[in-house]
Amino acid sequence: MSKLLQDKVIFLTGGGQGIGRECALAYAREGAQVVVADLDGAAADETIALLDGGGLAVECDVGDNASVEEAVHQALNHYARLDAVHNNAGIANPSLPLHETSEIEWDDLHRVNLKSVYLTTRHAIAALQATKGCILNTASMVGQIGQRNHAAYVSTKGAMIALTKAMALDYADAGIRVNAICPAGVWTPMLREWAQEQPNPAGIEQYLDQIHPLGSCPEGDVIADAAAFLLSDRARFITGSILPVSGGAELGYRR
Ligand code: NAD
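Residues numbered from 1 in each chain as written. Predicted model: local features only at pLDDT ≥ 70, side-chain atom pairs only at ≥ 80, totals over all residues. Heavy atoms only, no water.

Visitor: Got a minute to help me understand the environment of asparagine 88 in this structure?
Guide: Its location among the elements puts asparagine 88 in the loop between β4 (84-87) and α4 (103-131). Classification of asparagine 88 by relative accessible area gives buried; the value is 10%. Residues asparagine 88 and aspartate 45, 43 residues apart in the sequence, show an inter-C-alpha distance of 17 Å. If sequence neighbours within four positions are ignored, asparagine 88 has contacts with Leu12, Thr13, Gly14, Ile19, Gly20 and Thr138. (Helix = DSSP H or I, 4+ residues; strand = E, 2+ residues; numbered from the N terminus. Buried < 20%, exposed > 50% of the residue type's maximum accessible area, 1.4 Å probe, protein only. Contact = heavy atoms within 4.5 Å.)

Structural data, given as structure tokens:
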């Protein structure tokens, strides 16, 4: 039986660790060739070394126009096609209310988490039009429900959700699907760093287990499985969807 993503070429940002690395592993297991574009070139190399069948590591700052243009160029030089772009790279600092967030922090968050979607789209859209490919954005449940002390980050994820719907409409005529995935908590280096900044880091593990009605804070594999589905032809009639992969974290009334 052919695999879910057989022979697809997927341009994945932020695949050097965390959720992105789990996605790279899942995509390769399902038969895809993965281009891992990450600010940390060595981490991207490490991810590629873990993949059966290989892939391509590219050092890239997703918030920088020239860097994204060059990364997409390298991917197309190597594979001569692109079937999907997964915008996953992101940063989460600082964990602060809006008025305590510096202008540099605000700009950096929006550059890396949001402008990056504009840049990859600008440079990859022609290749995606040629394959009737798709785009997937790693948003966050907090972009839908908000979060205390994380306003600038929440702003980037809320905007990414709105952008996903606008892009789904704009590119539907070209047969390009655009979706977003919303994790709640996922154990990754990013979440561990955030946990350390909280008032009670020792209690955070229990808190993170409790916010997920399905019982625990997951690892990135749960996101990767859903992402692989959304990039596959099994999801061929799904576009503009904002898929929670959150163990139900957003459900019900909260005290
Ligand atoms: P992570 O920090 O563990 O990994 C992020 C990766 O992105 C790293 O490899 C890093 O080098 C790369 N990166 C950072 N800035 C970059 C840039 N400018 N250019 C290219 N690459 C860059 O993070 P994670 O937890 O795996 O998060 C991945 C995505 O999932 C992010 O968009 C994040 O907002 C989102 N998310 C994470 C959680 C969670 O609980 N971990 C929850 C919801 C959403």
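Visitor: In this structure, what is going on with the nonpolar core? I would like to understand it.
Guide: Soluble globular proteins tend to pack their nonpolar side chains together in the buried interior. One finds Phe11, Val35 and Leu82 to be the most contacted residues of the largest nonpolar core, which totals 36 residues. Sorting the residues of this core by element identifies β1 (9-13), β2 (33-38), β3 (55-59), α3 (65-79), α4, α6 (151-172) and β6 (177-183) as the ones contributing at least two each. In terms of residue count, α4 provides more of this core than any other element does, eight residues in total. Excluding residues that lie within four positions of it along the chain, phenylalanine 11 makes contacts with Val35, Ala37, Ala71, Val72, Ala75, Leu82, Ala84, Val85, His86 and Thr120. (Core = buried A, V, L, I, M, F, W, Y, C linked by side-chain atoms within 4.5 Å.)

Visitor: Teacher, can you tell me more about the pairing of β1 here?
Guide: A regular strand places its side chains so that they alternate between the two faces of the sheet. When you tally the buried positions in β1, you get five out of five residues, the bulk of the element. Pairing of β1 with β2 involves five bridges; the strand directions are parallel. In the strand pairing of β2, phenylalanine 11 is matched with valine 35. Since β1 and β2 lie parallel, the crossover through helix α1 (residues 18-29) that links them has a hand, and here it is right-handed. In this structure, β1 lies alongside β4, joined through three bridges in parallel fashion. (Pairing = 2+ DSSP bridges. Right-handed = clockwise from strand over helix to strand, strands pointing away.)

Visitor: Hey, could you run me through the environment of leucine 109 in this one?
Guide: Note that leucine 109 resides in helix α4. Put simply, leucine 109 and threonine 156 are 47 residues apart on the chain and 7.0 Å apart in space, counted from C-alpha to C-alpha. Leaving out residues up to four positions away in the same chain, leucine 109 has contacts with Ile91, Ala92, Asn93, Pro94, Leu114, Ala152, Tyr153 and Thr156.

Visitor: Explain the pattern of salt bridges here, please?
Guide: It is possible for side chains bearing opposite charge to pair when their charged atoms get close. Counted according to the given criterion, the structure contains five salt bridges. The salt bridge partner of arginine 111 is aspartate 61, with a shortest N-O separation of 3.1 Å. Of this pair, arginine 111 sits in helix α4 while aspartate 61 sits in the loop between β3 and α3; the two residues are 50 residues apart in sequence, bridging distant segments of the chain. Three or more residues are tied together by salt bridges with common partners; here these are Asp61, Asp108 and Arg111. (Salt bridge = Lys/Arg side-chain N within 4 Å of Asp/Glu carboxyl O.)

Visitor: Explain the sheet that holds β3 to me, please; I cannot follow it from the model alone.
Guide: The strands that make up a sheet are held in pairs by hydrogen bonds between backbone atoms, and each pair lies either parallel or antiparallel. With parallel pairing, seven strands are arranged side by side in an open sheet as β3-β2-β1-β4-β5-β6-β7. Of all strands in the sheet, those with a lone pairing partner are β3 and β7 (242-245), marking the two edges. Averaged over all pairs of adjacent strands, the angle between their axes in this sheet comes to 20°, without regard to strand direction. Its contacts with the sheet put α3 on β1, β2 and β3, and the angle it makes with β3 is roughly 160°. (Axes fitted to C-alpha atoms, helices over the stretch in contact; angles between N-to-C directions.)

Visitor: I would appreciate a short explanation of the site of the ligand in the present structure.
Guide: Residues in close proximity to the ligand total 28 residues, the closest being Ile19, Asp38, Tyr153, Val186 and Thr188. Within the contact set of the ligand, an oxygen atom lies 2.6 Å away from a side-chain nitrogen or oxygen of tyrosine 153. Bound to the protein, the ligand loses 93% of the 830 Å² it would expose on its own. Of all the secondary-structure elements, those providing two or more residues to the shell around the ligand are α1, α6 and α7 (189-196). The greatest single-element share of the shell around the ligand, amounting to three residues, is contributed by α7. Residues that form the shell around the ligand fall into these classes: 15 nonpolar, ten polar and three charged. (Near = heavy atom within 4 Å. Polar contact = N/O pair within 3.5 Å; in protein donor to acceptor, adjacent residues only side chain to side chain. Areas by Shrake-Rupley, 256 points an atom, 1.4 Å probe, with all protein chains shown as cover. Nonpolar A, V, L, I, M, F, W, Y, C, P; charged D, E, K, R; others polar.)

Visitor: Sorry if this is basic, but what is going on with unusual backbone geometry here?
Guide: For residues other than glycine, phi is negative in most cases, and the peptide bonds are mostly trans. In this model, asparagine 93 is joined to proline 94 through a cis peptide bond whose omega is 5°. Note that proline 94 resides in the loop between β4 and α4. The backbone of alanine 80 sits at a positive phi, close to 65°, despite the residue not being glycine. Of note, alanine 80 is situated in the loop between α3 and β4. Relative accessible area serves as the criterion here: at 65%, alanine 80 is assigned to the exposed category.

Visitor: Got a minute to help me understand α1 in this structure?
Guide: Think of an α-helix as 3.6 residues a turn; residues three or four steps apart then line up on the same face. Here α1 spans 17 Å end to end across twelve residues, near enough to the 16 Å set by a 1.5 Å rise per residue. Here α1 has its buried residues at Ile19, Gly20, Cys23, Ala24, Ala26, Tyr27 and Ala28. Looking one or two residues beyond α1, the residue adopting positive phi is glycine 31, at roughly 95°. (Expected span 1.5 Å × (residues − 1).)

Taken by themselves, the reported measurements are silent on function.
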